[in-house]
Amino acid sequence: MDLRAGDSWGMLACLCTVLWHLPAVPALNRTGDPGPGPSIQKTYDLTRYLEHQLRSLAGTYLNYLGPPFNEPDFNPPRLGADTLPRATVNLEVWRSLNDKLRLTQNYEAYSHLLCYLRGLNRQAATAELRRSLAHFCTSLQGLLGSIAGVMATLGYPLPQPLPGTEPTWTPGPAHSDFLQKMDDFWLLKELQTWLWRSAKDFNRLKKKMQPPAAAVTLHLEAHGF
Amino acid sequence: MSMLQIWLVQALFIFLTTGSMGQLLDPCGHINPESPVVHLGSNFTAVCVLKEDCMDYFHVNANFIVWKMSHFTIPKEQYTIINKTAASVTLTDVASLNIQLTCNILTFGQIEQNIYGITLISGLPPEKPKNLNCIVNEGRKMMCYWDPGRETYLETNFTLKSEWATEKFADCKTKRDTPTSCTVDYSPVYFVNMEVWVEAENALGKVTSDHINFDPVDKVKPNAPHNLSVSNSEELSSILKLTWINSNIKNVIRLKYDIQYRTKGASAWSQIPPEDTASTRSSFTVQDLKPFTEYVFRIRCMKEDGKGFWSDWSEEASGITYEDRPSKAPSFWYKIDPSHTHGYRSVQLMWKTLPPFEANGKILGYEVTLTRWKSRLQNYTVNDSKLTVNLTNDRYIATLTARNAVGRSAASVLTIPACDFQGYLAESTCYLITVTPVYADGPGSPESIKAYLKQAPPSKGPTVRTKKVGKNEAVLEWDQLPVDVQNGFIRNYTIFYRTNIGNETAVNVDSSHTEYTLSSLTSDTLYMVRMAAYTDEGGKDGPEFTFTTPKFAQGEIEAIVVPVCLAFLLTTLLGVLFCFNKRDLIKKHIWPNVPDPSKSHIAQWSPHTPPRHNFNSKDQMYSDGNFTDVSVVEIEANDKKPFPEDLKSLELFKKEKVSTEGHSSGIGGSSCMSSSRPSISSSDENESAQNTSSTVQYSTVVHSGYRHQVPSVQVFSRSESTQPLLDSEERPEDLQLVDNVDGSDGILPRQQYFKQNCSQHETSPDISHFERSNQVSSVNEEDFIRLKQQQISGISQSCGSGQMKMFQEVSAADAFGPGTEGQGERFKTAEMEAVLDEGMPKSYLPQTVRQGGYMPQ
């Protein structure tokens, strides 16, 4: 260990300056760039809000679909819903996702789900249901913007949709009415799962982005000099 | 209102005239502009253009034009004749909001004929809307409102615009009757920030308000909590529990509450402390209420963090606290019927019913007990507020308690004296005299007073003692005298205090005190203090008390010792820090680092010692304690550049030195001697980094040693060149600079190698440069000396660029000695060596090989 005069004086000066500036700097100096923390928190809140919104919307919509879709224990096999992005993922895989991938997956999933949901909107029957769906779509649009905002703050590029893979809603005649309803059912179910997952995703990000105490100290020193 | 009527009439007139003219006859001309809107207070110019055929018909031209404004002729001075057919009029400082301006011609000299008329509307451009804010009523759409600024007198449209970062929403246009607010027709999305602003536009201009950016959830006005209900508790009469149902927004945000209550009939509301209701809940227990009282409650809520708006108040709900036992019994009195017979008397006890705030519930009855002197107890339960009993002539004690569903009050007591009661009062005894008023419906509240028949001086004086003794003051305290020794009302106390030798001092103290502080006492002195209490009749001294004031006040010693210790500590700390920083200097003066020749072995310099350090490390650059950061940085910058160009020449010199070593050992020896660095080598870079400073000092010490201890360096004293020594003496800084610089280069290994050749003494790199050039030019020693002198002067002249200069000189020296044998060959070797150095700078193996290769030469 090579201690030199310059070092010790520097350290002393550093200490003095830090002490001197300590009262001048507000206890938790967060006046500067707040970082991605608040926007992540907001996105997290939004997923919770959407989850809550979807709960009542899904109830109404499934009632509109009629039995057996509105039966509580109705659990059909996932038929023909392969185009929907799947939220379920192996826990280990989920844990090992990095921030960028995590956000990208969320963004892509919701852009697809939003497209499908807009199709749903067109078919919906009652005016009240249409209004709820419209509002839910707007909210989902807001979530997309929110995720995009977080990604921008963290410096990640937005995933570009490949021109060929743009999902389209085809209410074509190939679908029987029952299968159509099945698709709707699965869309709502998948949305629900995605919202659960996103809440977890953003909670994880939120915890990760919380600035540790050391960062504050560093901030202080940067102010000192 | 009347103004409006006038306008209407005028408008109607204009409408009729222009209308009839337009329909019935083709107008004889027109006014330009047709329907102007002007800024209030500005100037306005209108031009009337006559038609040719009309002019011919009426035999008029522009000179005949007469302008009228609301039926008043405008003075000719304001007219301007433009040409034969057109004339203009300029109105200055337009102040009316609505002006009818007509263009007329004077036909046939006198008759005024209307040609055309316009309505001039004036007003103001809109002001920038201010204080824009929005509110989201739960479950409804967002409404924004603003302050539109001054009146414009014109039709002004306000448009509310809103957008997300990613999307625009539809504009919201205000309705005519609500120009200061607009309700958007979409439900806002919580937790997504939106930007909102308002645009105001009229005929005179368009302005935009400041943009506001917010999260709609921060503008929420929740629905009021509903189904508020109140319930009481049988256990606690001072509480009421409120329960309510929150609005649905509690699923989205956390809430805080505001609960108010008042007793029924009161008008002012009391508030529950906000900090008690600062989180989402659906019930609350209000405490500290009065028993058996009806309270009215209401509640409202808002977002927990205070952003947004309070909800409306909930509907009011009321509840009654549970009963408590009566807080006191009514005071009561007796009335003795004078017609007593045969040792008995009729006594009527009476009292008032308790007021509700003391009854604490519904009074179920009163209980009276009567006790004859040391005799049996008689109990009565009464619902009324009076009781008549027949008593003997003895003294009785009566008690009265009130009872409700919860319990009984404390008893109030009354003594009914014996029939033959005779008063006897003693002197100097305190009596409590109580008077109770008795009204027709019962007794009132009694009043009491203390009194003496005759006062006397106290029979004992108060005992004084110290509570606290300080350096210059003492706090004295004493107890109030007991009533039976007071013998009167104590009016005041006198404190007497004196030192052993001094006069007695007296202080008067009010009788209400039981404590007094004596101040301005002398420290470390014995004081005697006593105290006297006085009634109106005289006083009495108490016992004397002695105390000694201490020499030092409390904490005084600490106040002296602690700063002294701190100062000492600080001084020591600074001293240590100073010594630490100047340790090289101190070491140089006190215990110079003299190398122990006996520990110096050629073997130690064995090239097989594995290198352990990456000598490009920055640490090494800074290793010398005598350097400031600045100078190091400077040198680093200076040194990096010359190195590559001069590498070859340097290498060459080193090689040459090696090659000449064998046959010019004397010179080599001298070079070793003059070198002052024991070690700068890549092989022990770590060690050198640690003791570089000492080694630098060592070089100085050796120099001084060289001067003062000639024998110790005797072996090396032979030298034809004293300049290196001179140089290092004069400019140790330069030496160090160069050392440092070299240390960071890849040259060092070879210096190490040189050192080995030179037995004990290592070569200071810079000097070795000279030496090498010296050796190179050993063919012509005189030339060399000259050169060297040049070099030295060059170095001593320029500090900063010393290193660069030196390299240049060295390369010059290289060119200087063309007579050296085998130069081409050496060049080759040097090149090879450079390559090898680059390839494996940490290995000595190639050097060893080279050394071996050179040895035979």
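Fair warning: this is a prediction, and the values are worked out from it, not measured in the lab. (Residues numbered from 1 in each chain as written. Chains lettered and ligands numbered in written order. Predicted model: local features only at pLDDT ≥ 70, side-chain atom pairs only at ≥ 80, totals over all residues. Heavy atoms only, no water.)

J.: Describe in detail the overall build of chain A, supporting the description with residues and values.
T.: Scanning chain A from terminus to terminus reveals 7 helices and 0 strands. Listed by position from the N terminus, the elements making up chain A come as α-α-α-α-α-α-α. Counting only contacts in chain A whose residues sit at least 6 apart along the sequence, the fraction spanning at least 24 positions is 87%. With the model as given, the accessible surface of chain A reaches about 12,400 Å², and the carbon-plus-sulfur share is 62%. (Helix = DSSP H or I, 4+ residues; strand = E, 2+ residues; numbered from the N terminus. Contact = heavy atoms within 4.5 Å. Areas by Shrake-Rupley, 256 points an atom, 1.4 Å probe, with all protein chains shown as cover.)

J.: Can you tell me about the sheet that holds strand E41 (residues 515-518) of chain B, naming the residues and giving the values?
T.: All names here are of chain B. Read from one edge of the open sheet, 3 strands run E37-E38-E41, paired in antiparallel fashion. Looking at the sheet topology across the chains shown, the edges are occupied by strand E37 (464-469) and E41. Averaged over all pairs of adjacent strands, the angle between their axes in this sheet comes to 30°, without regard to strand direction. (Pairing = 2+ DSSP bridges. Axes fitted to C-alpha atoms, helices over the stretch in contact; angles between N-to-C directions.)

J.: Run through the confidence of the model for chain B, naming residues and quoting values.
T.: Residues and elements named next belong to chain B. Here chain B shows a mean pLDDT of 72. Residues at 70 or above account for 66%. Across residues 11-24, confidence stays below pLDDT 50; counting only partners more than four residues off in sequence or on other chains, it has 12 contacts. Predicted confidence for residues 609-857 stays below pLDDT 50, and this span has 346 contacts to residues more than four positions away or in other chains. With pTM at 0.55, the complex prediction returns an ipTM value of 0.77. (pLDDT = per-residue confidence, 0-100.)

J.: Tell me about the state of the cysteines, residues and numbers included.
T.: Residues and elements named next belong to chain B. Following the criterion strictly, the structure yields 4 disulfides over all chains and no others. Between Cys 28 and Cys 54 runs a disulfide, and the two sulfur atoms are separated by 1.3 Å. Its S-S torsion of approximately -70° makes the covalent link between Cys 28 and Cys 54 left-handed. Of this pair, Cys 28 sits in the loop between helix H1 (2-24) and strand E1 (29-32) while Cys 54 sits in helix H2 (residues 52-58), and the two are 26 residues apart along the sequence. We classify Cys 28 as buried; its relative accessible area is 10%. (Disulfide = S-S within 2.5 Å. Buried < 20%, exposed > 50% of the residue type's maximum accessible area, 1.4 Å probe, protein only.)

J.: Can you lay out a nonpolar patch on the surface for me, pointing to particular residues and giving the numbers?
T.: Residue and element names in this part refer to chain B. A contiguous nonpolar patch, built from Phe 552, Ile 557, Ile 560, Val 561 and Val 564 and spanning about 460 Å² of accessible area, is present on the exposed surface. By secondary structure assignment, the location of Val 561 is in helix H5 (residues 556-581). Note on Val 561: relative accessible area 42%, which makes it partly exposed. (Patch = residues over 30% accessible without salt bridge, like charges linked within 9 Å, V, L, I, M, F, W, Y side chains within 5 Å. Salt bridge = Lys/Arg side-chain N within 4 Å of Asp/Glu carboxyl O.)

J.: Quick rundown of the packing of aromatic side chains? Include the residues and the values.
T.: Considering all chains together, one arrives at 19 aromatic pairs over all chains under this definition. Where Tyr 261 of chain B meets Phe 297 of chain B, the ring centres are 5.8 Å apart and the plane angle is 35°; that geometry is what we call tilted. Taken together, the positions of Tyr 261 of chain B in strand E21 (residues 255-263) and Phe 297 of chain B in strand E24 (residues 294-303) put the pair 36 residues apart, joining distant regions of the chain. Take Tyr 261 of chain B and Phe 297 of chain B: they sit in the same class, and that class is buried. Taken together, the aromatic side chains of Tyr 49 of chain A together with Tyr 190 and Phe 191 of chain B make up a single cluster linked through ring pairs. (Phe/Tyr/Trp six-rings, centres within 6.5 Å; stacked < 30°, edge-to-face > 60°.)

J.: Which residues make up the environment of Arg 197 of chain A, and what values do they have?
T.: Residue and element names in this part refer to chain A. By secondary structure assignment, the location of Arg 197 is in helix H6 (residues 177-209). On the accessibility criterion, Arg 197 (8% relative accessible area) is buried. Residues Arg 197 and Ala 87 lie 110 residues apart in sequence; the distance between their C-alpha atoms is 6.8 Å. Setting aside residues up to four positions removed in sequence, Arg 197 forms contacts with Arg 86, Ala 87, Val 89, Trp 94, Leu 97 and Gln 105.

J.: Go over the packing of helix H2 (residues 37-65) of chain A against H6 of chain A, please, and point to the residues and values.
T.: Residues and elements named next belong to chain A. Interhelical geometry of H2 versus H6 gives an angle of 165° and a closest axis separation of 9 Å. Comparing the axis directions of H2 and H6 gives the class roughly antiparallel. Seen along the crossing, H2 lies across H6 with a hand that is left-handed. By residue class, the composition of the contact of H2 with H6 is 17 nonpolar, 6 polar and 5 charged. (Parallel < 35°, antiparallel > 145°, perpendicular 65-115°, else oblique. Left-handed = near helix turned anticlockwise from the far one by under 90°. Nonpolar A, V, L, I, M, F, W, Y, C, P; charged D, E, K, R; others polar.)

J.: Residue-level account of the sheet that holds strand E23 (residues 283-286) of chain B, with values.
T.: Residue and element names in this part refer to chain B. Spatially, the 3 strands line up as an open sheet ordered E19-E20-E23, and their pairing is antiparallel. Only two strands of the sheet have a single neighbouring strand rather than two, namely strand E19 (226-232) and E23. Taken over all neighbouring pairs, the strand axes of this sheet differ in orientation by 20° on average, direction set aside. As judged from the 4 bridges shared by strand E20 (residues 240-245) and E23, these two strands associate in the antiparallel manner. Looking across to E23, one finds that Thr 243 is bridged to Ser 283.

J.: Please provide a residue-by-residue account of H2 of chain A, values included.
T.: Its 29 residues place the ends of H2 of chain A 41 Å apart at the C-alpha level, agreeing with the 42 Å of an ideal helix rising 1.5 Å per residue. The positive-phi residue at the C-terminal boundary of H2 of chain A is Gly 66 of chain A, with phi of around 85°. (Expected span 1.5 Å × (residues − 1).)

J.: Explain the packing of H2 of chain A against helix H5 (residues 127-153) of chain A to me, and be specific about the residues and the numbers.
T.: Residues and elements named next belong to chain A. Viewed as axis vectors pointing N to C, H2 and H5 meet at an angle of 155°, and their least axial separation amounts to 10 Å. Classified by the interaxial angle, the pair formed by H2 and H5 is roughly antiparallel. As for the relative orientation of H2 and H5, their crossing is left-handed in sense.

J.: Talk me through the pattern of salt bridges; I want residue IDs and the actual numbers.
T.: Residue and element names in this part refer to chain B. Applying the stated criterion to the full structure yields 34 salt bridges over all chains. For Lys 161, the salt bridge is made with Asp 171, and the minimal N-O distance between the two is 3.0 Å. Of this pair, Lys 161 sits in strand E12 (residues 157-163) while Asp 171 is found in the loop between E12 and strand E13 (172-173), placing the two residues 10 residues apart along the sequence. When its relative accessible area of 18% is taken as the criterion, Lys 161 is described as buried. Owing to a relative accessible area of 38%, Asp 171 belongs among the partly exposed residues under this scheme. Here Lys 168 makes a salt bridge to Glu 163, at a shortest N to O gap of 2.7 Å. On the basis of relative accessible area, Lys 168 is assigned to the exposed category, the value being 61%. For Glu 163, a relative accessible area of 18% gives the class buried.

J.: Tell me about the side chain of Thr 85 of chain B, and please be specific about residues and values.
T.: All names here are of chain B. In this structure, Thr 85 sits in the loop between strand E6 (79-81) and strand E7 (86-91). Judged by relative accessible area, which is 15%, Thr 85 ranks as buried. Not counting residues up to four positions away in its chain, the partners in contact with Thr 85 are Cys 48, Val 49, Leu 50, Glu 52, Met 55 and Ala 62.

J.: Summarise the nonpolar core; cite the residues concerned and give the values.
T.: Counting 93 residues, the largest nonpolar core has Tyr 110 of chain A together with Met 142, Leu 160, Val 196 and Phe 297 of chain B as the members making the most contacts within it. Membership of the second largest hydrophobic core comes to 29 residues, among which are Leu 50, Phe 58, Val 94 and Ile 105 of chain B. (Core = buried A, V, L, I, M, F, W, Y, C linked by side-chain atoms within 4.5 Å.)

J.: Give a detailed account of the environment of Glu 112 of chain B, specifying residues and quantitative values.
T.: Residues and elements named next belong to chain B. Secondary-structure assignment places Glu 112 in strand E9 (residues 111-123). Residues Glu 112 and Ile 65 lie 47 residues apart in sequence; the distance between their C-alpha atoms is 9.3 Å. For Glu 112, the residues in contact, after removing those within four places along its chain, are Val 66, Lys 68, Asn 104, Ile 105 and Leu 106. Within the structure, the side chain of Glu 112 is placed 2.9 Å from the side chain of Lys 68, a separation counted as a polar contact. (Polar contact = N/O pair within 3.5 Å; in protein donor to acceptor, adjacent residues only side chain to side chain.)

J.: Help me get a handle on the pairing of strand E8 (residues 98-107) of chain B, residues and values and all.
T.: All names here are of chain B. E8 sits mainly inside the fold: 8 of its 10 residues count as buried. By the bridge criterion, 5 bridges tie strand E4 (residues 65-69) to E8 in an arrangement that is antiparallel. The partner of Val 66 across the bridge, within E8, is Asn 104. Where E8 lies against E9, 10 bridges are found, and the strand directions are antiparallel.

J.: Run through the side chain of Asn 404 of chain B, naming residues and quoting values.
T.: Residues and elements named next belong to chain B. Position of Asn 404 among the secondary structure elements: in strand E31 (residues 396-404). Among the polar contacts listed, one links the side chain of Asn 404 to the backbone oxygen of Asp 324, at a separation of 2.6 Å. Engagement of the side chain of Asn 404 in a polar contact is seen with the backbone oxygen of Asn 360, the distance being 3.4 Å. Residues in contact with Asn 404, not counting those within four places in the same chain, are Glu 323, Asp 324, Arg 325, Pro 326, Ala 359, Asn 360, Gly 361, Lys 362, Ile 363 and Leu 364.

J.: Describe unusual backbone geometry, with residues and values.
T.: Residue and element names in this part refer to chain B. Omega for the peptide link from Asn 32 to Pro 33 comes to -5°, which places this bond in the cis form. Among the secondary structure elements, Pro 33 is positioned in the loop between E1 and strand E2 (37-39). The residue Ser 70 is not glycine, and still its phi comes out positive at about 50°. Residue class for Ser 70 comes out buried when judged on its relative accessible area of 17%. Even without a glycine there, the phi angle at Ser 520 is positive, about 45°. Take Ser 520: it is sitting in the loop between E41 and strand E42 (526-535). With relative accessibility at 68%, the residue Ser 520 sits in the exposed group.

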